[in-house]
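Residue strings, one per chain:
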Amino acid sequence: MKREEKNALSRQRILDAAMEEFSRRGYEGASLNTVCAEKGLSKGIIYHYFSDKDDLYLLCVKTCFDDLTSYLRDTVRLLSGSVEERLQRYFDARLRFFTEHPLYLGIFTGAVCDPPPGLVPAIAERRRTFDDLNISVLTELLNSVPLREGLCVQTVAEDFRVYMDFFNLHFKAACAAGADSGDLLREHEERCHRQLNILLYGVFGEQHETT
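Reading the values: rules and limits
Residues numbered from 1 in each chain as written. Predicted model: local features only at pLDDT ≥ 70, side-chain atom pairs only at ≥ 80, totals over all residues. Heavy atoms only, no water. Helix = DSSP H or I, 4+ residues; strand = E, 2+ residues; numbered from the N terminus. Buried < 20%, exposed > 50% of the residue type's maximum accessible area, 1.4 Å probe, protein only. Salt bridge = Lys/Arg side-chain N within 4 Å of Asp/Glu carboxyl O. Contact = heavy atoms within 4.5 Å. Disulfide = S-S within 2.5 Å. Core = buried A, V, L, I, M, F, W, Y, C linked by side-chain atoms within 4.5 Å. Polar contact = N/O pair within 3.5 Å; in protein donor to acceptor, adjacent residues only side chain to side chain. Axes fitted to C-alpha atoms, helices over the stretch in contact; angles between N-to-C directions. Parallel < 35°, antiparallel > 145°, perpendicular 65-115°, else oblique. Left-handed = near helix turned anticlockwise from the far one by under 90°. pLDDT = per-residue confidence, 0-100. Expected span 1.5 Å × (residues − 1).

**A word on the overall build of the protein chain**
When you go through the protein chain residue by residue, the secondary structure sums to 10 helices and 0 strands. Secondary structure elements of the protein chain, listed N to C terminal, follow the sequence α-α-α-α-α-α-α-α-α-α. When the 211 residues of the protein chain are sorted by exposure, 39% land in the buried category.

See below:
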C-alpha cells in the first residue's frame, strides 16, 4: 500500500471514531482519551494527523456540512411544482438526510445550537456553503414570482436570515433543556418552513378581505 493511501485510511479511521464521539457527547463532553480507548487508537497517531481536539472537531463539522450540502444540491436539481411544493420538498430533504445519516445529527445540532465559543468563526466558515445554498434556494423561488411593490429579493432573503437567527437561538435553548435532538430538529425544520411560508404569504386565509 502506498504511503498516501495508508495516510488517507488512517485519517478516515480517526475521523469515523471522532464523528461518533462528538455526535454522541458534543464538543464539551467528547474526549480523545475515549476515542483512543474505544477504537484502539493511540494518541500519537491522532496527533500525527491533527494538532488538537479543535482541529479534529472542525473536520467533523466540515464533513457534516459538506455532505449535507452535497445531498441538498442533488435535491435542488430535481425540485419542481409550485413554490410551496418546492419549499416542502426542500425541507423534507433536510430531515431525510439526518434520517439516512443519523451520526451527523449530533454534529449538526452542536455546531448550529451550541458551538464552542472560541470556534464560532471557524464553524461559520465551514458551514458557509450550506448557508449560501439555503439563501440561493430562497432567492430562486423569490425570482420565480412577483413581489409586492417596495420589496426586493435581497431584502426578503435578509429578513429570512434574521428569522433563522432567532429560531436557532430557540433551538439552542431547547437543546440545552435536554430535549431529544431528533424531535427538536424535526420541530425546528417545521417551524422554519412555517415561518418562511408566513414571510412569503402572510397569515390571512384566501377568503380574508381587508376593510
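**A few points about the pattern of salt bridges**
Where charged atoms of side chains with opposite charge meet at close range, the side chains can pair. Enumeration according to the criterion identifies 9 salt bridges in this entry. Glu38 serves as the salt-bridge partner of Arg25, at 3.9 Å between the closest nitrogen and oxygen. Of the two residues, Arg25 sits in helix 1 (residues 3–29) while Glu38 sits in helix 2 (residues 32–39), which places them 13 residues apart along the sequence. On the accessibility criterion, Arg25 (40% relative accessible area) is partly exposed.

**Considerations on the side chain of Thr75**
Among the structural elements, Thr75 can be located in helix 4 (residues 53–76). Apart from residues lying up to four places away in sequence, Thr75 is in contact with Arg89, Ala93 and Arg96.

**Topic: the state of the cysteines**
As enumerated under the stated definition, the model contains 0 disulfides in all. Distance from the sulfur of Cys64, which forms no disulfide, to the nearest cysteine sulfur (Cys60) is 9.3 Å. For Cys64, a relative accessible area of 0% corresponds to the buried category.

**Looking at the nonpolar core**
One finds Phe22, Leu56, Tyr57, Leu72, Phe98 and Phe108 to be the most contacted residues of the largest nonpolar core, which totals 56 residues. The biggest single contributor to this core is helix 4, with 10 residues. In this structure Phe22 touches Tyr27, Ala30, Lys53, Leu56, Tyr57, Cys60 and Ile107, once residues within four positions along its chain are discounted.

**With respect to the side chain of Thr69**
With respect to the element layout, Thr69 can be found in helix 4. What makes Thr69 buried here is its relative accessible area of 2%. Engagement of the side chain of Thr69 in a polar contact is seen with the backbone oxygen of Phe65, the distance being 2.7 Å. Not counting chain neighbours up to four residues away, the residues in contact with Thr69 comprise Thr129, Phe130 and Leu133.

**Structural notes on the packing of helix 1 against helix 2**
Where helix 1 meets helix 2, the closest approach of the two axes is 10 Å, and the angle between their N-to-C directions is 120°. Relative to helix 2, the element helix 1 is oriented oblique. Between helix 1 and helix 2 lies a crossing of right-handed hand. Between helix 1 and helix 2, the contacting residues are Arg13, Ala17, Ala18, Glu20, Glu21, Arg24 and Arg25 on the first element and Thr34, Val35, Glu38 and Lys39 on the second.

**Digging into the confidence of the model for the protein chain**
When the pLDDT values of the protein chain are averaged, the result is 84; 88% of them are 70 or greater. Per-element confidence in the protein chain is highest for helix 7 (residues 120–126), whose mean pLDDT is 96, and lowest for helix 9 (residues 153–176), whose mean pLDDT is 74.

**A few points about helix 4**
Compared with the 34 Å implied by 1.5 Å per residue over 24 residues, the 35 Å span of helix 4 between its first and last C-alpha is a close match. Where helix 4 begins, the capping side chain belongs to Asp52, and its oxygen is found 3.2 Å from the backbone nitrogen of Asp54.

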